[in-house]
Amino acid sequence: MIAATCHCGAIHIHVSRAPRTVTRCNCSICRRYGALWAYCTPASVRIEAPRGGLEKYAWRRKVRMYFRCKRCGCVTHYKYRKRGRGYPVAVNSRNFDPEVLAAARIRNLDGASTWTWEYAR
Ligand SMILES: [Zn+2]
């Protein structure tokens, strides 16, 4: 079990194992958030938040819903409006300890245009 919190500690993130790969994407929202996403099965992630502690954001067709801590603003995760197989929960690994992140491979996803990716390291 790997645990993380947002900056203020209000939101707790638990994943069943450390991410082996995290994704850095240059699409319109990921480049602004600066997130490194770890894609997890919904069953392997637990997000604990106080009532009303998370704010949500989605746009246009609202395919994905992005969550951030209402108090400190840290982006914690996103999930798909649809549920079930093939719809991961993406956890923002920037919230993990730096040692956890240092052990993961980073892949650069060109979400802005071609949707191809390559490993950064
Ligand atoms: Zn917070």
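Residues numbered from 1 in each chain as written. Predicted model: local features only at pLDDT ≥ 70, side-chain atom pairs only at ≥ 80, totals over all residues. Heavy atoms only, no water.

This next bit is on the nonpolar core. Among the nonpolar cores identified, the biggest contains 15 residues, and Val15, Val22, Cys40, Val45, Val91 and Phe96 are the most heavily contacted of them. Of all the secondary structure elements, the ones that give two or more residues to this core are strand S2 (12-15), strand S4 (37-40), strand S9 (89-92) and helix H2 (98-102). If we skip the residues at most four places from it in the chain, valine 15 touches Met1, Ile2, Cys40, Ser44, Val45, Val91 and Phe96. Counting 11 residues, the second-largest nonpolar core is a separate cluster that includes Ile29, Cys30, Trp37 and Ala90. (Core = buried A, V, L, I, M, F, W, Y, C linked by side-chain atoms within 4.5 Å. Buried < 20%, exposed > 50% of the residue type's maximum accessible area, 1.4 Å probe, protein only. Helix = DSSP H or I, 4+ residues; strand = E, 2+ residues; numbered from the N terminus. Contact = heavy atoms within 4.5 Å.)

Let us look at the packing of aromatic side chains. Across all of its chains, the model carries 9 aromatic pairs by this definition. Here tryptophan 117 and tyrosine 119 contribute two aromatic rings whose centre-to-centre distance is 5.0 Å and whose plane-to-plane angle is 80°, an arrangement assigned as edge-to-face. Taken together, the aromatic side chains of Tyr33, Trp37, Tyr57, Trp59, Tyr66, Tyr78, Tyr80 and Tyr87 make up a single cluster linked through ring pairs. Lying across the ring of tyrosine 119, arginine 105 places its NZ or CZ 3.5 Å from the centre. We note arginine 107 situated over the ring of tryptophan 117; from NZ or CZ to the ring centre the distance is 4.8 Å. (Phe/Tyr/Trp six-rings, centres within 6.5 Å; stacked < 30°, edge-to-face > 60°. Lys NZ or Arg CZ within 6 Å of the ring centre and 35° of its normal.)

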